[in-house]
Amino acid sequence: MPLTELTVAQSQTGQATDSIVDIVAIHGIYEDGFQTWTDPQSNMLWLRDLLPRKLRDSRVLIHNYKAEALTSPGEGTTDRILSHAVSLVAELCANRQLENVFDRPIIFICHGLGGILTKRALAYSSSRRHKSVEHLHSIYTSTYGIIFLGTPHNGINKEILLLPQSNQDQGPSQFMFNLLKGSEMLNEINDQFVPLMKRFSIYNFWEELKTQSGNHEVYMVDQDSAAPPWDHVEKCGLMATHSTMTKFSDESDHGYRTILEALSRYVKHAPLFIKSRWDNDLELIARDRQQEVEELLQPQIQNLLSQNSNLQHRNEWCLVPRSPSVYFTGRHKHSRDIKEMLGSIRNYDDQKRNKILVLYGLGGSGKTQFCLKYVEDKKQRYWGVFWIDASNEKNIETGYAAIGAQAKRGSTMAAGIYWLSRCTKPWLLILDNADDPDMDISKYFPAGGNGHILVTTRNPNAVEYATAGHIRFRGMEPDEAISFLLKAAYPKAADSPPDTPGKRELAEKIAIELGYLPLALAHAGATIRRNIYTLDKYLHYYLGHRKSMMGYPRLRSADEANIITTWEIPFRKIISRGSVEHRDAVDLMHIFAFMHFETIPESIFKRSWAALSKPTSRQKDYPDILQSLWNEEAQARFRRAIRILYDHSIIEHSLSNASCSMHPVIHSWARDRLQNTEQKQWLYCTMAVLAECISPHLEASGRKFRVLLLPHINSCLQALRSHYPPLPETIESAAAIERFAWVFAEQSMWTYARALQRKVVQIRMKVLGKRHEDTIRAQRSLGQTLWNLFDIEKAIEVQLQVHNTVLWHRPSIAEWLVWPILKPTHVPYCLALDDLTPSFWLAGRREISKEAGERAVDGLKKRLGPEDPRTLNAMFNLARTYHHLCEYEKCHKLLAWVLRLQKRFFGMKHPDTLMTRNELGISLCTKRILGDEHAYTLWSINDLSKIYVERGRPDEAATMLEDIIPILQRTLGEDHVGMFMTRSNLGRAYFAAEKWKEAEAIVRPILTEVPQYHPDWVHNMYEYARIQMKMGLADEAEKQCNNMLDVIMQEKNLALDHPRTVAIADLLLSIYRLQGREGDVANIKRKFPGTDRTKREERYDPYAIRKSPTPSVEASPSKMDKPPLTDSRQKPNVSATRRIRSPSSSQV
């Protein structure tokens, strides 16, 4: 009998009477309901023979359930605990109803698993509030106390599952695996029970003697698990083993006396307490019923917006990594639920905010595959579907940057997010594998737009981000799981054995032991499909493999064990075969383990194959498959290895985009299964593969391919840091890291590039020395990255180090015979000068920039010729300097030459060509080619605004600059040079449009951002003085002009006849004339030659006021005849340079 009444309450006269309390005993998993509570030596069943002597007004019942069904492979499932809990509630409720004692207090006393069952039963009972099942709620209402004896609240250790059992040849069942610490089943039950605990009196007991099992002595349930640190809960240890802690032979047993005291106390206080609880619950139930009646009487209000639910949208964007598995089946309920939660597709005006739905659950439960299938089925509902790998923040940034690039808005995360936020057509965004609990995924949600967002994660706490709901992914439904397994095992009907009950029964047992997990079922199906094991033999061998896998410390849960074991079976089979293609498959798997698990392009191997096959000192560390030339035979060999992995469902392979993918759980295990030395070996091999497919020339044609490398580069760097917290200081690692930094820099991820380049420089300085060409190349790259970050002080510092090195270390004796000796022309020295040219220009030392640039161009033309790309780059940098020195003819001549050759060498769409065209003012083609938010596009818009102002269209100029300021705020920030440049040009446009107040408000905040020695300080101050004149503030304008002229004469950064100086003097003259101060007018004319000759006094740009072809340089004489950049007098004021934020609009 499942529920047995051991005793009835007895009055003092010995007559049966209504019991005051029901004591319900629930046994554990290793003994039945009577064995658990019976002392084997005395045959004393203390619940029947001892307890009634002290607790006469109580009734004792034993609940007996079939525990062996849980421990037998192919029978016990995670859902079986729920079915037992439902039965317990139903049987106990029926018994009490028939006895007409439904409101009698209950005290549970539970051993081992019986405590888990009781907690689940109480959680179930608490949820039964509907009128049709409210009688089941009575068990929850009536429960006063629970005594837990050795209950594994937090699970058991793996060692328990490895103890000898009667079925040790097969290994523990799936249910036993779910009792491991950290299992989802236990976590879920605890999550349901903890909120209910405050209603009960709880006493936790743990065992203090170890259990002997063969040659092992263990605690079956340790103290931490049996007595968690719960508040307001009693706890005590019993000097007994797990089995004997529930068996007592007489009343003097210390364990019995402790438990008796607790029971006596509970029996004494329970009746009054439970009566009060019933009174309160009856009031709540009456209130619930009244609310139900009111809801039924209310008219049903139709959703007025439902008319939009049938809106049809042609799908134009579908950026997903791959198609769903051909074996995917089931999950129909989830699909319907998601469609209902997200609701109808609405017009943008009706959408208040994006709807976010979180899909969470353990790895391998099919979240990603479900989303792929959902996209395939529902994409026509959306104008755009976008997929981002959210496994870490760098990959999220890369994903959004790819969306921004596709949308022609710029290759940055900010561009991608902003574009989606402003998109009025309906879109669907999937953030996949957002598993990191420390990552705030919400900051990666577009702030606006007309979107639905699906987040897949293993982190259950991510549900807090959901606005439309959340769905927990567990195993599949049993029938769906069986069908899925058979479909994966027998994809062709002809290969399938007859569909008999026995066949489905075999599949059911396998599905049960795999926890109905889709990924594990897919692997099992592939093993059967490949005839590694047949359907009837699979379970036997699987259980043995799973038990042997328990020795790995990496395995912590039943679900991981199921997935990894199903993967290990076919992979070990591949390892055991000695053919070339099987060895190649294993080697490729080891390389894949250190790449990112999503979208591994085959082209990575094609591009790196040739370099890796060359004889090197490390070639012995590379697998055989990488040591042959890439030809038809090598390509066929590679595809055979891929095919083996795909046929065994170890990887997914997409023919359409020629890429491979792996499940994150499998990807992690493929790495963890290797020994530490093997991990390092394959990590270095993977880094070499990635590094060699990155061309040192960074051709524009390979830019899209290199974007695909970013997640794999991040994966390798993360693994490298885990093995070597400080990155390893080896030549090989420096070579790979250097190329990785190039990719980051190419994608404008300057901060990441800078960190890696500094490490490369440090390694090469230490190992190779500062004179080695590799060290110099690394320093040059670092200097360029610092320049792009506008860290000019440090950029110049690094570039001067290179300059001084190549000045004194020359490639041959002949280079020391040049004259003058301190003006060498060897290529490394000229390249160092070229690097310094734009840095000195941005630092405001433009005469030095000019001289360095001219020497660089002359030397490179002499050594490399005028058409070499390096010469063209030096010409471009020099042309910029000419422009800002007002030497426009020289500037135009150089740019025209550079553009003609760049168009021939690189094409019209190459970034270098675009920038040259921009400098010449030819077109604004960067927007169409590079995107709305690319840095070059924003630069070009600033240039175009100046043209509009010059052509008398200042309002249009102001509008286009106002439009890009939010982009700059979002992508660069308020303190970036691009922001100050744009604000300066906007102030110019406002001035030309006679909007004096707006111009003053824009220009005034940027006056303090440029140091006084910098030429652009003069430009900004001049702008501000002009605005003050127009606003009638002549005295303030006069002060500004005198201040500027004093600084120019003191700093000597501009000649007295320089156009900018003359423009300031002319403005001062106009002030003096307005005030009738002729003496001051004459004084200004004597001091500043060339004044009072400007025909267009209203001109705003000081560069256009005087276009002297060759202004005097007496204020900044050349020192380059001496050791050019080692003279401290010519070195820029780096302490002041630190304050440079913006070179203003004059630098564009």
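Only a predicted model underlies this, so the values are computations on that prediction, with no experimental measurement involved.

1. Comments concerning the overall build of the chain
- A count of helices and strands for the chain gives 45 helices and 20 strands.
- By the burial criterion, 57% of the 1148 residues in the chain qualify as buried.
- Counted over contacts in the chain with a minimum sequence separation of 6, partners at least 24 positions apart contribute 74%.

2. With respect to the sheet that holds strand 15 (residues 427-432)
- Pairing in this open sheet of six strands is parallel, and the strands run 12-14-15-16-13-17 from one edge to the other. Of all strands in the sheet, those bounded by a partner on one side alone are strand 12 (317-319) and strand 17 (469-473). The average angle at which neighbouring strand axes cross in this sheet is 15°, direction not considered.
- Across six bridges, the pairing between strand 13 (residues 355-361) and strand 16 (residues 451-457) is parallel. The partner of Tyr360 across the bridge, within strand 16, is Thr457.

3. Considering the packing of aromatic side chains
- Scanning all chains against the criterion turns up 30 aromatic pairs.
- Relative to Phe605, the ring of Phe592 lies with its centre 6.0 Å away and its plane at 65°, an arrangement referred to as edge-to-face. Taken together, the residues Phe592 in helix 21 (residues 580-592) and Phe605 in helix 22 (residues 603-612) connect sequence positions 13 residues apart. Each member of the pair, Phe592 as well as Phe605, is classed as buried.
- In this structure an aromatic cluster arises from ring pairing among Tyr140, Phe148, Phe193, Phe200 and Trp230.
- Above the ring of Phe705, the side-chain terminus of Arg607 is found at 4.0 Å from the ring centroid.
- One residue, Arg810, lies across the ring of Trp816, its end atom 4.1 Å from the ring centre.

4. Re the confidence of the model for the chain
- When the pLDDT values of the chain are averaged, the result is 82; 85% of them are 70 or greater.
- For the chain, helix 45 (residues 1134-1137) is the element with the lowest average pLDDT, namely 34, and strand 7 (residues 143-149) is the one with the highest, namely 97.
- When the criterion is pLDDT under 50, residues 12-17 qualifies, and its contacts beyond four places in sequence or with other chains add up to seven contacts.
- Residue range residues 300-311 is modelled with pLDDT below 50. Its contacts to residues more than four positions away, or to other chains, number 13 contacts.

5. Side note on the nonpolar core
- If you look at the biggest cluster of nonpolar residues, it comprises 109 residues, and the most contacted ones within it are Met589, Phe592, Ile604, Phe605, Leu645, Ile651 and Phe740.
- Aside from chain neighbours lying at most four places away, what touches Phe592 is Ile600, Phe605, Ile642, Leu645, Ile651, Cys660, Met662 and His667.
- Membership of the second largest hydrophobic core comes to 56 residues, among which are Leu88, Leu136, Met220 and Ala561.

6. Quick notes on helix 40 (residues 996-1003)
- Three or more residues of helix 40 are buried, namely Ala999, Glu1000, Ile1002 and Val1003. Relative to the axis of helix 40, the buried residues are bounded by an arc of 165° and lie together on one face.

7. Section: the packing of helix 39 (residues 977-992) against helix 40
- For the pair helix 39 and helix 40, interaxial distance at closest approach is 8 Å and the crossing angle is 165°. Classified by the angle between their axes, helix 39 and helix 40 sit roughly antiparallel to one another. Considering how the two elements wind past one another, helix 39 and helix 40 form a crossing that is left-handed. On the side of helix 39, the interface is formed by Arg983, Leu986, Gly987, Tyr990 and Phe991, while helix 40 contributes Trp996, Glu998, Ala999, Ile1002 and Val1003.
- Among the residues forming the contact of helix 39 with helix 40, the class breakdown is seven nonpolar, one polar and two charged.

8. Concerning empty space enclosed by the protein
- A complete count under the given rule lists two cavities of 30 Å³ or more for this structure.
- Its volume calculated, the largest cavity comes out at about 120 Å³.
- If you trace the largest cavity, you find 14 residues lining it, with Ile29, Tyr30, Pro152, Val221 and His242 closest to the centre.
- For the lining of the largest cavity, a count of residues per class yields 10 nonpolar, four polar and no charged.

9. Digging into the pairing of strand 6 (residues 106-111)
- Most of strand 6 is tucked away, with six of its six residues classed as buried.
- Burial along strand 6 is two-sided: the residues Ile106, Phe108 and Cys110 and Ile107, Ile109 and His111 are all buried.
- Two elements, strand 2 (residues 21-26) and strand 6, share five bridges in a ladder whose sense is parallel. Bridged to Val24 within strand 6 is Phe108.
- Here strand 6 runs beside strand 7; their pairing, made up of six bridges, is parallel. Pairing of Ile107 across the sheet is with Gly145, part of strand 7.

10. Focus on the sheet that holds strand 19 (residues 652-654)
- Read across the open sheet, the three strands follow the order 18-20-19; overall the sheet is antiparallel. The open sheet terminates on both sides in strands that have one partner only, identified here as strand 18 (600-601) and strand 19.
- In this structure, strand 18 lies alongside strand 20 (residues 659-661), joined through two bridges in antiparallel fashion. Within strand 20, the position partnered with Ile600 by the bridge is Cys660.

11. Brief notes about the environment of Ala957
- Note that Ala957 resides in helix 38 (residues 954-971).
- For Ala957, a relative accessible area of 0% gives the class buried.
- Along the backbone, Ala957 and Leu986 are 29 residues apart, and their C-alpha atoms lie at a distance of 7.6 Å.
- Setting aside residues no more than four positions away along its own chain, Ala957 makes contact with Ser945, Tyr948, Val949 and Ala989.

12. Focus: the environment of Tyr144
- As for its position among the elements, Tyr144 is in strand 7.
- With 126 residues separating them in the primary sequence, Tyr144 and Ala270 have C-alpha atoms 6.0 Å apart.
- Those residues in contact with Tyr144 that lie beyond four places of it in its chain are Ile106, Arg199, Phe200, Ser201, Tyr266, His269, Ala270, Phe273 and Ile274.

13. Examining the packing of helix 26 (residues 703-723) against helix 27 (residues 731-746)
- Between helix 26 and helix 27, the least distance of the axes is 9 Å, while the angle of their chain directions is 130°. The angle between the axes of helix 26 and helix 27 places the two elements in the oblique class. Note on packing geometry: the crossing formed by helix 26 with helix 27 is left-handed. Taken together, the residues of helix 27 that come into contact with helix 26 (itself represented by Arg703, Arg706, Leu710, Ile713, Asn714, Leu717 and Leu720) are Ile737, Phe740, Val743, Phe744 and Glu746.
- Broken down by class, the residue content of the contact of helix 26 with helix 27 amounts to eight nonpolar, one polar and three charged.

14. Points about the pattern of salt bridges
- A full pass over the atoms with the stated rule returns 43 salt bridges.
- A network of salt bridges, in which partner residues are shared, links Glu5, Asp22, Arg59, Arg96 and Arg104.

Rules behind the numbers
Residues numbered from 1 in each chain as written. Predicted model: local features only at pLDDT ≥ 70, side-chain atom pairs only at ≥ 80, totals over all residues. Heavy atoms only, no water. Helix = DSSP H or I, 4+ residues; strand = E, 2+ residues; numbered from the N terminus. Buried < 20%, exposed > 50% of the residue type's maximum accessible area, 1.4 Å probe, protein only. Contact = heavy atoms within 4.5 Å. Pairing = 2+ DSSP bridges. Axes fitted to C-alpha atoms, helices over the stretch in contact; angles between N-to-C directions. Phe/Tyr/Trp six-rings, centres within 6.5 Å; stacked < 30°, edge-to-face > 60°. Lys NZ or Arg CZ within 6 Å of the ring centre and 35° of its normal. pLDDT = per-residue confidence, 0-100. Core = buried A, V, L, I, M, F, W, Y, C linked by side-chain atoms within 4.5 Å. Arc of directions from axis to C-beta. Parallel < 35°, antiparallel > 145°, perpendicular 65-115°, else oblique. Left-handed = near helix turned anticlockwise from the far one by under 90°. Nonpolar A, V, L, I, M, F, W, Y, C, P; charged D, E, K, R; others polar. 1 Å grid on protein atoms, 1.4 Å probe; cavity = no way out; pocket = protein on both sides within 12 Å on 5 of 7 lines; lining within 4 Å. Points joined across faces, edges and corners; volume = space filled by probe spheres on them. Salt bridge = Lys/Arg side-chain N within 4 Å of Asp/Glu carboxyl O.

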